[in-house]
Structures are given as C-alpha cells and as structure tokens.
Amino acid sequence: MSSNHALFAVFTMLVVLSTMWRRRRLRRAVRDLPTRMQRLLGPEPLFSPPPDDDLPDGLRSYAALHKRTRLINYACWAIAALYAALIVFLLLKGTPS
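Owing to the predicted nature of the structure, the values given are computational and were not obtained by experimental measurement. (Residues numbered from 1 in each chain as written. Predicted model: local features only at pLDDT ≥ 70, side-chain atom pairs only at ≥ 80, totals over all residues. Heavy atoms only, no water.)

Enquirer: Explain the nonpolar core to me, using residue names and the numbers behind them.
Expert: Core analysis: the biggest nonpolar cluster contains twelve residues, these being L26, A29, V30, L33, M37, L41, F47, L55, L59, Y62, A63 and L65. Taken together, the elements giving at least two residues each to this core come down to α1 (3-31) and α3 (60-93). Every residue in contact with M37, bar those within four places of it in the chain, is listed here: P56, G58 and L59. (Core = buried A, V, L, I, M, F, W, Y, C linked by side-chain atoms within 4.5 Å. Buried < 20%, exposed > 50% of the residue type's maximum accessible area, 1.4 Å probe, protein only. Helix = DSSP H or I, 4+ residues; strand = E, 2+ residues; numbered from the N terminus. Contact = heavy atoms within 4.5 Å.)

This is how it looks when you write it as structure tokens:
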C-alpha cells in the first residue's frame, strides 16, 4: 500500500470518528435535558433543535452545542475531502507516491 493510500485511510477514519464523536456528544447532551425539552428535538441520531425563533430558553445551550459540533464535523469532512481530491489528482497526474 502506498503512502497516499495509507493517508487516505487515515482521513477516512477522521470522517467516521468525527461523526461518531458528534453523535455521542449530542446523545449525552440530550440525556441531560428534561423530558419536556427532549420532546421538542428532532429524531435520533441528530436530535435537531427547533428553529431559533421557536427556541425555548432551556434549549439555547443545546442549540449552541449542536451548531458547534456540526461545524467541527464539517471541518473534518472538508479536510478529508480536500486530501482525497489531492490524492486523486496526484494519481491521475501520474506522480509516484
């Protein structure tokens, strides 16, 4: 296996692990909410909060956590996608690994 393929596997694991990390974080945060607030959230595994204009005070911190983890997750996906595109470009160009 070339070094490019090995690094591609690392970045694939980055995507998988970041998604699992986000789901675990959200599940823990939902578990700590009162039942009344849990019923306002979307279905598992994303537990989407209601829109900002309908957001009760008890869910403001959860909504901030939801947005923050989404941004971190998308950043990990973007890094992995850029690196995968670089590997494909190098393979198509014919650069040895």
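We are not done yet, so read on.
Enquirer: Outline the packing of α1 against α3, listing residues and values.
Expert: Between α1 and α3, the shortest axis-to-axis distance is 10 Å and the interhelical angle comes to 170°. Between α1 and α3, the crossing angle belongs to the class labelled roughly antiparallel. Of the residues contributing to the contact of α1 with α3, the split by class is 21 nonpolar, seven polar and three charged. (Axes fitted to C-alpha atoms, helices over the stretch in contact; angles between N-to-C directions. Parallel < 35°, antiparallel > 145°, perpendicular 65-115°, else oblique. Nonpolar A, V, L, I, M, F, W, Y, C, P; charged D, E, K, R; others polar.)

Enquirer: Let's hear about α1: which residues, and what values?
Expert: If you check α1, its first and last C-alpha atoms are 42 Å apart, about what 29 residues at 1.5 Å a residue would give, namely 42 Å. Of the residues making up α1, those classed as buried are N4, S18, T19, R22, L26, A29 and V30. In this structure, the buried residues of α1 make contact with α2 (35-38) and α3. (Expected span 1.5 Å × (residues − 1).)

Enquirer: How would you summarise the pattern of salt bridges if you had to cite specific residues and measurements?
Expert: Side-chain pairing between opposite charges can occur once the charged atoms of the two side chains come close. According to the stated counting rule, one finds four salt bridges in the structure shown. The residue R27 makes a salt bridge to E44 at a minimum N-O spacing of 3.8 Å. With R27 in helix α1 and E44 in the loop between α2 and α3, this residue pair connects regions lying 17 residues apart in the sequence. A relative accessible area of 54% places E44 in the exposed class. R31 is the partner of D32 in a salt bridge, and the nearest nitrogen-oxygen pair spans 4.0 Å. Taken individually, D32 and R31 each receive the classification exposed, so the pair is uniform in this respect. (Salt bridge = Lys/Arg side-chain N within 4 Å of Asp/Glu carboxyl O.)

Enquirer: Break down unusual backbone geometry for me, citing the residues and quoting the values.
Expert: E44 connects to P45 through a cis peptide bond whose omega is 15°. Positionally, P45 belongs in the loop between α2 and α3. In the Ramachandran plot, F47 falls in the positive-phi region, its phi being about 45° despite a non-glycine side chain. Relative to the assigned elements, F47 resides in the loop between α2 and α3.

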